[in-house]
Amino acid sequence: MLIRLSKNSFIRVYDNGQLGYITNQLTRHDRTYTESGADFLHQITRDAQNIEAIVENLEKIYDVTRTKLRNDFIDFALDLANHKFVVMGETISDLDSRDMDFSYAIENPKTLVEDYTQLTDEDPNKNTQDFLLQHDREKPRLAGLQFELTSRCNERCIHCYIPNGKKNAGFDLTFDRFKYILDQFAEMGGVHVTLSGGEALMNKDIIKMLYYCREKDMQISLLTNLISLTDEQIQAIKDVNVSIVQVSLYSMTPEIHDTITTVTGSWKRTKDAIEKLHDADVPVQISCPVMKANKDGYDKVMQYARSLRMKSNTDYIMMAQADLDTANLSNRLSLDETANVIQDIIAFDQNYTEENLQHEALSELAPEEYGSMPLCGAGINDLCVTVNGDVYPCAGWQAYVVGNVFNQSLRGIWETSDKLTEIRKIQRKDFPLCLTCEARDFCAMCLVRNYNESGGDMFKINQHFCDVAFLNKRLVEEWKNNQIN
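Residues numbered from 1 in each chain as written. Predicted model: local features only at pLDDT ≥ 70, side-chain atom pairs only at ≥ 80, totals over all residues. Heavy atoms only, no water.

### Some remarks on helix α8 (residues 206-215)
Moving on, step 1. Where α8 is concerned, the buried positions are Ile206, Met209, Leu210, Tyr212 and Cys213. The buried residues of α8 occupy an angular sector of 165° when projected down its axis, which confines them to one face.
Moving on, step 2. Tucked inside the fold, the buried residues of α8 contact α7 (175-187), β8 (192-196), β9 (219-223) and α9 (231-239). (Buried < 20%, exposed > 50% of the residue type's maximum accessible area, 1.4 Å probe, protein only. Helix = DSSP H or I, 4+ residues; strand = E, 2+ residues; numbered from the N terminus. Arc of directions from axis to C-beta. Contact = heavy atoms within 4.5 Å.)

Okay, structure coming up:
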């Protein structure tokens, strides 16, 4: 019997072999294992292996009978195979036939997955995200790295958090420098790479970068406006099995979209590119940030995404610019406009209401337990790096530079940066008014939003976030009461 890691799965082993992690970009499931589970996981590779050879390797670790070891590993492997993490069979042809490709034609493509529950006899951590966030606070583990491949952009979106001055004076990350950084990330056990900009596709070496990410066995996400997408780039995106391409489409009315991007014809070019990627069976997520310019009719974008069986999402909060200029917030919805949008989302988006219903379990946490939770994974398991080598905790936090990868190693920054140490200590209890706030579970407050909007104070919460949280809570509760009645 042969076993091989699925083309959509990625394995990393941390803590000197004590923590095993596996994730599948097609099913969107992931798991962590400790002790024997981590040892078993460590044996599985992208090359087909005979299970008997794996058992022989495990015999060097465990003092048990070969029969028991073989049975235990096969049970472990069969469970992974049942959940598409690995493929098993008697021949290479068997493995190839059982390894799935993404397609919009399958019954439920990953772009429509809603329930990630795994029924398994194994004992992985049930909530991987919570487990890893807690683990990574104690032992920071750099799992995700976002690259700004270029600071140039071919759009000038009116709400963008990246200042236009940076785009106007922009330049590209060279391929050699990209390799230099990615090699370090791979050595640290990194698994997820996000390629962005500026506009990522404007970097002349984007195709070489995509293939190098695959060579280093990375899970790849691509953030792009798609207006410069070429057929050659589509082929590369398909070849390297990109996990997701995320693109913003602001309206189904061309003039509204083009008003937001300030580029005439951008709507048609983006929409045509989305449909080309669809025809090529490339997984796409359509984002539709909502602002004054597109508050009426943004739901048509959601309907368009659904017609293509693509995932879609929206955001009605907006972030101030990374240089702490708040001028772009003139496009932010008023509270009344936000109420209309939330009501539409509740009525239209089943995922939104289901997520908010899950808040009830979080609300039951005692203030002490809630207070010990981190706000997010910024600087705990994720970083971003810009074209000039500056490193910061997350995409919008470009004014909070924690180091420069051309002056110090990525590992050195990760392990010794005083600024990273500072934000890793931050817990929800550092916002005492939030601990007992009735709307705490409906709040979109985050450190970078605070920082950019308050002139650099990550602990100063803008009243708008609080008002929207209470508004969201009231509208969701009204919806729930109507469902009961």
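### Concerning the sheet that holds β8
Moving on, step 1. One open sheet holds the 9 strands; their spatial order is β12-β11-β10-β9-β8-β7-β13-β14-β15, and the pairing between them is mixed. Since the sheet does not close on itself, it has two edges, and those belong to β12 (311-315) and β15 (403-404), each with one partner. (Pairing = 2+ DSSP bridges.)

### Topic: the sheet that holds strand β5 (residues 49-50)
Moving on, step 1. On the basis of which strands lie adjacent, the open sheet formed by 3 strands has the order β5-β1-β6 and antiparallel pairing. Edge strands, defined here as strands with exactly one partner in the open sheet, are β5 and β6 (86-89).
Moving on, step 2. Sheet topology note: the strand β1 (residues 2-5)/β6 ladder contains 4 bridges and is antiparallel. Pairing of Leu2 across the sheet is with Gly89, part of β6.

### Topic: the nonpolar core
Moving on, step 1. Core analysis: the biggest nonpolar cluster contains 90 residues, and Phe147, Phe178, Leu195 and Ile286 have the highest contact counts within it.
Moving on, step 2. Not counting chain neighbours up to four residues away, the residues in contact with Leu195 comprise Phe147, Leu149, Phe178, Ala200, Ile206, Leu210, Cys213, Ile220, Ser221, Leu222 and Leu223.
Moving on, step 3. Ranked by size, the runner-up nonpolar core spans 21 residues in total, among them Ile74, Phe76, Phe85 and Met88. (Core = buried A, V, L, I, M, F, W, Y, C linked by side-chain atoms within 4.5 Å.)

### Structural notes on helix α21 (residues 463-484)
Moving on, step 1. With 22 residues, α21 extends 32 Å between its outermost C-alpha atoms, agreeing within 8% with the 32 Å of an ideal straight helix rising 1.5 Å per residue.
Moving on, step 2. If you check which residues of α21 are buried, you get His464, Phe465, Val468, Ala469, Leu471, Asn472, Lys473, Leu475 and Val476.
Moving on, step 3. For α21, the capping residue at the N-terminal end is Asn462, with a side-chain oxygen 2.7 Å from the backbone nitrogen of His464. (Expected span 1.5 Å × (residues − 1). Polar contact = N/O pair within 3.5 Å; in protein donor to acceptor, adjacent residues only side chain to side chain.)

### With respect to the side chain of Asn225
Moving on, step 1. Looking at where Asn225 falls in the secondary structure, it is placed in the loop between β9 and α9.
Moving on, step 2. A relative accessible area of 9% places Asn225 in the buried class.
Moving on, step 3. Not counting chain neighbours up to four residues away, the residues in contact with Asn225 comprise Cys153, Asn154, Glu155, Glu199, Val247 and Thr270.

### Re the pairing of strand β7 (residues 144-148)
Moving on, step 1. Taken across its 5 residues, β7 has 5 buried, putting it largely inside the fold.
Moving on, step 2. Alternating residues of β7 divide into Gly144, Gln146 and Glu148 and Leu145 and Phe147, and every residue in both groups is buried.
Moving on, step 3. Sheet analysis places β7 next to β8, joined by 5 bridges and oriented parallel. For Gly144, the partnering residue across the bridge sits in β8 and is His192.

### Here we look at the pairing of strand β4 (residues 29-34)
Moving on, step 1. Relative to β4, strand β3 (residues 19-24) runs antiparallel, the two being bridged by 6 bridges. Each bridged residue has a counterpart across the sheet, and for Gly20 the counterpart in β4 is Tyr33.
Moving on, step 2. In this structure, the hairpin formed by β3 and β4 is closed by a connection of 4 residues, where Arg28 is found at a positive phi of approximately 65°.

### With respect to the packing of aromatic side chains
Moving on, step 1. Scanning the model with the defined rule gives 13 aromatic pairs in all.
Moving on, step 2. Measuring from centroid to centroid gives 5.6 Å for Phe431 and Phe459, while their planes differ by 35°, and the two rings are tilted. Within this pair, whereas Phe431 is found in the loop between α18 (418-424) and α19 (432-435), its partner Phe459 is found in the loop between α20 (447-453) and α21, the two being separated by 28 residues in sequence.
Moving on, step 3. Using a relative accessible area of 38% as the deciding quantity, one classes Phe459 as partly exposed.
Moving on, step 4. An aromatic cluster of at least three residues, connected via ring pairs, comprises Tyr33, Phe40, Tyr62, Phe73 and Phe76.
Moving on, step 5. The ring of Tyr14 carries Arg141 above its face, with NZ or CZ at 4.9 Å from the centroid.
Moving on, step 6. Over the ring of Tyr400 we find Lys419, and its NZ or CZ is 5.0 Å from the ring centre. (Phe/Tyr/Trp six-rings, centres within 6.5 Å; stacked < 30°, edge-to-face > 60°. Lys NZ or Arg CZ within 6 Å of the ring centre and 35° of its normal.)

### Some words on the state of the cysteines
Moving on, step 1. For the structure on display, the rule yields 0 disulfides.
Moving on, step 2. Free of any disulfide, Cys288 has its nearest cysteine sulfur in Cys157, 12 Å distant.
Moving on, step 3. With relative accessibility at 0%, the residue Cys288 sits in the buried group.
Moving on, step 4. This cysteine, Cys443, is not joined by any disulfide, and Cys466 carries the nearest cysteine sulfur, 6.0 Å off. (Disulfide = S-S within 2.5 Å.)

### Overview of the environment of His29
Moving on, step 1. Topologically, His29 is positioned in strand β4.
Moving on, step 2. The exposure class assigned to His29 is buried, which follows from its relative accessible area of 10%.
Moving on, step 3. Once the C-alpha coordinates of His29 and Val242 are considered, the two residues, 213 residues apart in sequence, prove to be 16 Å apart.

### Remarks on the environment of Ser221
Moving on, step 1. Mapped onto the elements, Ser221 comes out in strand β9.
Moving on, step 2. The class for Ser221 is buried, based on a relative accessible area of 6%.
Moving on, step 3. Residues Ser221 and Tyr400 lie 179 residues apart in sequence; the distance between their C-alpha atoms is 24 Å.
Moving on, step 4. Excluding its chain neighbours within four sequence positions, the residues that come into contact with Ser221 are His192, Val193, Thr194, Leu195 and Ile244.
Moving on, step 5. Among the polar contacts made by the side chain of Ser221, one reaches the side chain of His192 at a distance of 2.8 Å.

Functional significance is not addressed by these values, which are geometric in nature.
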